[in-house]
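# Structure at a glance
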Amino acid sequence: MRIAVVGCSHGTLDDIYASVQRCEQERPNEPPIDLLICCGDFQAMRSPPDLEMMACPVKYRALGHFHNYYAERKRAPFLTIVIGGNHESSGYMWECYHGAWLAPDIYFLGFAGCILIDGWLRIAGASGIWKSGDWKKGHFETVPYDDRTIRSVYHIREYDVARLLQLKSRGPTPDIFLSHDWPLGIEQHGDTNALLREKPFFRDEVSSNTLGSPPLHALLTTLQPRFWFAAHLHVKFAALFHHDGRTTKILPRFHNRTNTVPLPPPAPTNPDEIVLEDDEDGPTNPDEIVLDDDDEEDEPQGLVSEEPKGENCAHGAAETVGNPDEIDLGSDEEEERRGEAVGEVTALPTDASGLGSSVAPLGDPLAQLSTNGTEARETKVRISTPQVVEVESPGPEKATRFLALSKPGPGKDFLQIIDIPTPAGFERSSHPNAGAPESSIITPEANPTAADPSTDSSNEFVSESAAEPTEVPVPTPRTRPTLYFDPHWLSIVKAFSPFLSLKMQATPFPPKETFDSMIEESYEWIKKNVGVEGLKNVDDVQTFSRTAPATGEGTDDGPPSWYTNPQTEAFCTMIGIENQINPIPAGFKEFQAEQLRRAKEEALRTMDLDGPPSAVNEGNPDELVIDDE
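Residues numbered from 1 in each chain as written. Predicted model: local features only at pLDDT ≥ 70, side-chain atom pairs only at ≥ 80, totals over all residues. Heavy atoms only, no water.

## Some thoughts on the packing of helix H10 (residues 487-496) against helix H11 (residues 515-529)
A pair of packed helices is characterised by two quantities: the angle between their axes and the separation of those axes. Worth spelling out the cut-off: Note on geometry: axes are lines fitted to C-alpha atoms, helical ones only across the stretch in contact, with angles between N-to-C directions running from 0 to 180 degrees. Note on conventions: DSSP H or I runs of at least 4 residues are helices, E runs of at least 2 residues are strands, and numbering of each starts at the N terminus. We call two directions roughly parallel when the angle between them is under 35 degrees, roughly antiparallel when it is over 145, roughly perpendicular when it lies between 65 and 115, and oblique otherwise. Crossing chirality is assigned from the near helix's rotation relative to the far helix, an anticlockwise turn below a right angle marking it left-handed and a clockwise turn marking it right-handed. Should any heavy atoms of two residues lie within 4.5 Å, those residues are considered in contact. Residues are grouped as follows: nonpolar covers Ala, Val, Leu, Ile, Met, Phe, Trp, Tyr, Cys and Pro; charged covers Asp, Glu, Lys and Arg; every other residue, Gly included, is treated as polar.
Remark: H10 packs on H11, axes separated minimally by 8 Å, with the N-to-C direction vectors making an angle of 120°. Judged on the interaxial angle alone, H11 and H10 are oblique. As for the relative orientation of H10 and H11, their crossing is right-handed in sense. Each of Pro 487, His 488, Leu 490, Ser 491, Ile 492, Lys 494, Ala 495 and Phe 496 in H10 lies in contact with H11, whose residues at this interface are Phe 515, Met 518, Ile 519, Ser 522, Tyr 523, Trp 525 and Ile 526. A breakdown of the residues in the contact of H10 with H11 according to their chemical character gives eleven nonpolar, three polar and one charged.

So, in structure tokens, the structure goes:
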């Protein structure tokens, strides 16, 4: 499965889709992109009132591109999976707390969630960012938000993280975990010096080990996903987290950027092979990949994993086609404290990231992924010739490859493309823009020869390098993967639903020793009542429908309002729990029915007073008489 990963979206959905389509055009003989992942700050603004529900200085509020997808004037060209950040249409996200379609083919994972793509690729995620003062609270915020709740609404809560932690040992290891914030201390497992050269104002937090989210660190060490993608800090950064406690080594290497004194590389048999050098302290490690720095200094540093085998993600610069007047939306109190650096983001290690156990050379045009935005409002986009780097699979030891990406804009590293092989025994629907019927699902239980995706860690990373741009038409939409509910996650949501608090004070959890029995009981119910052994096509349950009026359909300058989302009601009905997310008020349906009954009675009474309509109005001098031929 070919996946495009994006950092912060900041409302530039047209530009993101155009950038991904440009990458496809550069590789016409390769499989198309199957899935797009957006790591927060998606900004799903349906209409201007939603801008009142986004934590952002008023002067920076902009409707962006999403409203056209919500109104169905446009359609996403790829299945798109979204998590929430700290600059969102928070009222809309709350409507979809358990996960829902924000627009056709654009799925929000929820405040916490876990899904299956094509029945095998397991993606879990947590929305929001860390703020210690709100960690122990319930989800008490309601629309309209005030100056405090417009920020606290996106602060991650213990309730949501506690549910995600229960995924451990329930189902396969997550293939991908998504977050907006970074796990606490992850910068220590990558090229920290390169990060500080890009973001020197992180130095105090790095020194005090306070950069990132403690709850996300707990999820990282507990769930141990294969890949972890994040955003938030507007910088590209890669790390490799070894779960056996081993550290990722930093290996210095001299690099002459002007090539006036070139280093003689060994003659490779593969023109895309990455040159390996000897470790200065010992014999050559044939699995070691040395990286160069993308800084202008003469002594850059790079990252080399201790894993026996490594993957590599090369990335590179391409021509920028974007808005030079781009506005930085980093307005949250966390970002105000850090400040936003001015200038372009340079390339950082791309493999200790989840992109592979080792890192490709930095600063090399062959090792740079183009992440620059494009002007997607046109029918054509500018592209550059790509280069593909194939790498070996990592060893069997447990490690998580972390990658944070920046935001769309000139010179920003915001896009990464990866390939994860589909295990044998799993099929994809051949129906475009629709999910497969449940009968088409092939699971490892149904096919004993099917591979376990949690143990298949081979993958290929794709990058592109700069070249002369050319004009190509944007490709048309394609068949999309099928989205399934994860039965283990459904059982966790069902078991923990009584403890969801909508008040300031959180509802206490039962004793931890009762968690297993609670979840197991719910799991048996899910297997019996939902889909095929709990595996259910999302499209069979949740169908996108607009709640708030789209642009042009209602009052664009009214106050924000809350809505009951039919998808959330359908989700809760499916697993047999009460809908606590903007539920329809008690008696409201009866009130609507009574209002309708009275309206009908009034209409009939008016007709009786006026008398029956005359069949022929002979007294109308302006009537035109039409004769039959």
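That shown, we press on.
## Concerning the sheet that holds strand E20 (residues 536-537)
Operational definition: For two strands to count as paired, DSSP must find a minimum of two bridges between them.
Taken together, the eight strands give an open sheet; going across it, the order is E10-E15-E9-E8-E7-E6-E19-E20, and neighbouring strands pair in mixed fashion. The sheet is open, and its two edges are formed by strand E10 (237-242) and E20, each paired on a single side. Bridge count between strand E6 (residues 112-117) and strand E19 (residues 483-485): three bridges; the pairing is antiparallel. Residue Leu 116 lies in a different strand from E19, and its bridge partner there is Tyr 484. Packed onto the sheet, helix H5 (residues 158-165) meets E6, strand E7 (121-126) and strand E8 (176-179) and runs at close to 35° relative to E6.

## Description of the environment of Glu 30
Here is the rule: Definition of a polar contact: a pair of N or O atoms within 3.5 Å, with one able to donate and the other able to accept a hydrogen when the atoms are protein atoms, and with sequence-neighbouring residues admitted only if both atoms are side-chain atoms.
As for its placement among the helices and strands, Glu 30 is situated in the loop between helix H1 (13-26) and strand E2 (35-38). One polar contact links Glu 30 to Arg 2, side chain to side chain, over a distance of 2.7 Å.

## Here's the deal with the packing of aromatic side chains
Using the following cut-off: Centre distance within 6.5 Å is the pairing criterion for rings of Phe, Tyr and Trp, where only the six-membered ring of Trp is used; planes under 30 degrees apart are then read as stacked, over 60 as edge-to-face, and the remainder as tilted. Any residue under 20% of the maximum accessible area for its type is buried, any over 50% is exposed, and the rest in between are partly exposed; the area is computed with a 1.4 Å probe on protein chains only.
Using the criterion set out here, one finds 24 aromatic pairs in the structure. Their ring planes at 80° and their centres at 5.7 Å tell us that Tyr 70 and Phe 544 sit as a pair that is edge-to-face. Of the two residues, Tyr 70 sits in helix H2 (residues 66-70) while Phe 544 sits in the loop between E20 and helix H12 (566-575), which places them 474 residues apart along the sequence. No difference in accessibility class separates Tyr 70 from Phe 544, as the two residues are buried.

## Some words on the confidence of the model for the protein chain
Threshold: Within a predicted model, pLDDT stands for the predictor's per-residue confidence, ranging from 0 to 100.
With 64% of its residues at a pLDDT of 70 or more, the protein chain has an overall mean of 74. Scored below 50 in pLDDT, residues 254-394 shows 434 contacts in the model against residues more than four places distant or in partner chains. Within the model, pLDDT remains below 50 along residues 430-477, and this stretch shows 157 contacts once partners closer than five positions in the same chain are excluded.

## Describing the pattern of salt bridges
For clarity, the cut-off: We define a salt bridge as a contact between a side-chain nitrogen of Lys or Arg and a carboxyl oxygen of Asp or Glu at a distance within 4 Å.
By the definition in use, this model includes 24 salt bridges. Where Glu 52 meets Arg 61, a salt bridge forms, and the shortest distance between an N and an O atom there is 3.7 Å. Take Glu 52: its relative accessible area is 42%, and that puts it in the partly exposed class. By sharing partners, the salt bridges in this structure join Arg 75, Asp 105, Arg 480 and Asp 539 into a single network.

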